[in-house]
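# Examination of the molecular architecture
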Amino acid sequence: DAGVTQSPTHLIKTRGQQVTLRCSPKSGHDTVSWYQQALGQGPQFIFQYYEEEERQRGNFPDRFSGHQFPNYSSELNVNALLLGDSALYLCASSYRGVNTEAFFGQGTRLTVV
Amino acid sequence: AQSVTQLDSQVPVFEEAPVELRCNYSSSVSVYLFWYVQYPNQGLQLLLKYLSGSTLVKGINGFEAEFNKSQTSFHLRKPSVHISDTAEYFCAVSAKGSSNTGKLIFGQGTTLQVKP
C-alpha cells in the first residue's frame, strides 16, 4: 500500500500565478481533506471532498478551489497567488465512517516569490 | 466549533528523562482526540487516538495519553525519551460524526528537543 501520495514535492511560483497540487488517497479511502501549514504553525483545514463534491470548507477565500475525481484522487487549485500562500500543503485521506482516522501525505512545499 | 491549545511551544528534555506535552481543547460537541508527530520536511504521522472507552490510550514509540473530560485535556507522555523523538508534536480534535472524519482542528504544535 503506497499510502497517501502528493505531487509535486516542491514548487516555486510567482505572485499572481495559479497552481495545482495533486493527491492520491490511501487504498480504500473515499474522502480527501486539504490542509495549509504555514511555517511554525499547525495545519489549518482548507476543505474536504467526498463523492466528488466539496462537503466542508474552512476559513479560506474562493481563490482556493478543488476537485475530486471518480478514482477518489483530488486536486487543490490556488489562483492569484499571494506571498502569504507560501506554505506546506498537506493532503489527508480517510474513509467516511465512524471511528476512522486520517492518513497524511508528505506534503507539497509551495514557495511564492 | 472546536479549538486546541498546546500549552508549551518548546519542551527541552535530556535523553532518557520523562516528558509530558500538554494539550487542552474546547468544544461544544463530543470529539475524538489525536496526537500527531511531524519530523522535519515530512507529513504527519499518527501517534495515538482517543475515540471512546478507556481514558488511557497507548500509541506507537512508547507514547501514551490520558483523556480528562472534566479538565478538557489530552496530555501526551513518554517515560523515557530518545534522541530520535526530537520532532514537532501536534494535538488535534475532530467532532464526532461520519461527516467530520478527516476534518481536524490542530493546535500550534510543541517542539520536543531531546538533548544528549
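Notes on the structure follow. (Residues numbered from 1 in each chain as written. Chains lettered and ligands numbered in written order. Predicted model: local features only at pLDDT ≥ 70, side-chain atom pairs only at ≥ 80, totals over all residues. Heavy atoms only, no water.)

## Some remarks on the overall build of chain B
Each helix and strand in chain B was counted, giving zero helices and 12 strands. The order of α-helices and β-strands along chain B, N terminus first, is β-β-β-β-β-β-β-β-β-β-β-β. The globule rule puts the C-alpha radius of gyration for 116 residues at 13 Å, and the 14 Å found for chain B is close to it. Counting only C-alpha atoms, chain B reaches 45 × 30 × 20 Å along its principal axes. In chain B, which comprises 116 residues, the share counted as buried stands at 47%. For chain B, restricting intrachain contacts to residue pairs at least 6 apart in sequence, the fraction spanning at least 24 positions comes to 57%. Only carbon and sulfur atoms are counted for the fraction: they give 49% of the accessible area of chain B, which is about 5400 Å². Computed over 9 positive and 8 negative side-chain charges, the separation of the two mean positions in chain B equals 11 Å. (Helix = DSSP H or I, 4+ residues; strand = E, 2+ residues; numbered from the N terminus. Rg over C-alpha atoms; globule rule 2.2 N^0.38 Å. Buried < 20%, exposed > 50% of the residue type's maximum accessible area, 1.4 Å probe, protein only. Contact = heavy atoms within 4.5 Å. Areas by Shrake-Rupley, 256 points an atom, 1.4 Å probe, with all protein chains shown as cover. Lys, Arg positive; Asp, Glu negative; His and termini not counted. Charge placed at Lys NZ, Arg CZ, Asp CG, Glu CD.)

## Some words on the sheet that holds strand S7 (residues 64-68) of chain A
All names here are of chain A. In spatial order, the strands read S1-S3-S8-S7; together these four strands make up an open sheet with antiparallel pairing. Edge positions in the sheet fall to strand S1 (5-7) and S7, since each of these pairs with one other strand and no more. Averaged over all neighbouring strand pairs, the angle between strand axes comes to 20°, with direction disregarded. In terms of strand pairing, S1 meets strand S3 (residues 19-24) through three bridges, oriented antiparallel. Considered in S3, the bridge of serine 7 is made with arginine 22. (Pairing = 2+ DSSP bridges. Axes fitted to C-alpha atoms, helices over the stretch in contact; angles between N-to-C directions.)

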